[in-house]
Amino acid sequence: MVVGIGPKNGRAFAVRFANEGYAVALLSRSTGYSSGIAEEIGGNAYACDVTDPAAIKSAFAKVRNDLGDVDVLLYNVGTGQFGRFDDVPDEDFEKGWQVNVRGLLQSTREVVGPMRQSGSGAIIITGATASLRGKPFTAAFASAKAAQRSLAQSFARQLGP
């Protein structure tokens, strides 16, 4: 499952997984772009707004119904609300956290049960160098990516070998 499909990383990940023989589920806010990739690689496209917990539950349930349990979750979702801290509206700041952190948490919760039961699986998260250092115009983006990085480290300590 690749959550977050765009013309660069998301597309490349989807193609690579398909070429390696995986049944690929492509999740994105809408299926306008991802359905073309799904058709090209023989995958399935699903709409999923990761800022909406109900949408996550619904989309992941559809994937499980269509393809079975998820063996690999690649969370490639990110949003860039760029600007200085005193210029970024609170709503944009919060959306960055919803997308980068809460969406990842809820997506992981949806797949980790069967992975634990089978004793295998992988959760892969694309990050950003902004998670290591903020700049004046990355106050919202960098803070959300840093939180995402810390959450990923927590997952690794709890779920890793």
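Notes on the structure in this doc start here. Here the structure is a predicted model, which is why all the values come from computation and not from measurement.

Moving on, we come to the packing of aromatic side chains. One pass over the full model with this rule turns up 3 aromatic pairs. When the centroid spacing of 5.1 Å and the interplanar angle of 85° are considered together, the rings of Phe-17 and Tyr-22 count as edge-to-face. Taking relative accessible area as the criterion, Phe-17 reaches 17% and is therefore assigned buried.

A few words on helix 1 (residues 9-19). An α-helical turn contains 3.6 residues, so a residue and the one three or four places further along point in the same direction. Buried within helix 1 are the following residues: Gly-10, Ala-14, Val-15, Phe-17 and Ala-18. Seen along its axis, helix 1 keeps its buried residues to an arc of 165°; they face one direction. For helix 1, the exposed residues set more than 90 degrees away from the buried face come down to Arg-16 and Asn-19. On its buried face, helix 1 is in contact with strand 1 (2-3), strand 2 (25-28), helix 2 (34-41), strand 4 (72-75) and strand 5 (122-125).

The subject of this paragraph is the side chain of Thr-138. Summarising the element assignment, Thr-138 is placed in the loop between strand 5 and helix 5 (139-159). On the basis of relative accessibility, which here comes to 5%, the residue Thr-138 falls in the buried class. With residues near it in sequence (within four places) discarded, Thr-138 still touches Phe-82, Gly-83 and Ser-143.

Right, let's talk about the pattern of salt bridges for a bit. If you walk through the whole model with that rule in mind, you get 4 salt bridges. Arg-16 serves as the salt-bridge partner of Glu-20, at 3.3 Å between the closest nitrogen and oxygen. Each of the two residues, Glu-20 as well as Arg-16, counts as exposed. Ionic pairing is found between Glu-110 and Arg-64, a salt bridge with its closest N-O pair at 3.3 Å. Here Glu-110 is found in helix 4 (residues 90-118), whereas its partner Arg-64 is found in helix 3 (residues 53-67), with 46 residues between them in sequence. Classification of Glu-110 as buried rests on a relative accessible area of 14%. Linked by salt bridges that have partners in common, Lys-57, Arg-64 and Glu-110 make up one network.

Parameters and conventions
- Residues numbered from 1 in each chain as written.
- Predicted model: local features only at pLDDT ≥ 70, side-chain atom pairs only at ≥ 80, totals over all residues.
- Heavy atoms only, no water.
- Phe/Tyr/Trp six-rings, centres within 6.5 Å; stacked < 30°, edge-to-face > 60°.
- Buried < 20%, exposed > 50% of the residue type's maximum accessible area, 1.4 Å probe, protein only.
- Helix = DSSP H or I, 4+ residues; strand = E, 2+ residues; numbered from the N terminus.
- Arc of directions from axis to C-beta.
- Contact = heavy atoms within 4.5 Å.
- Salt bridge = Lys/Arg side-chain N within 4 Å of Asp/Glu carboxyl O.

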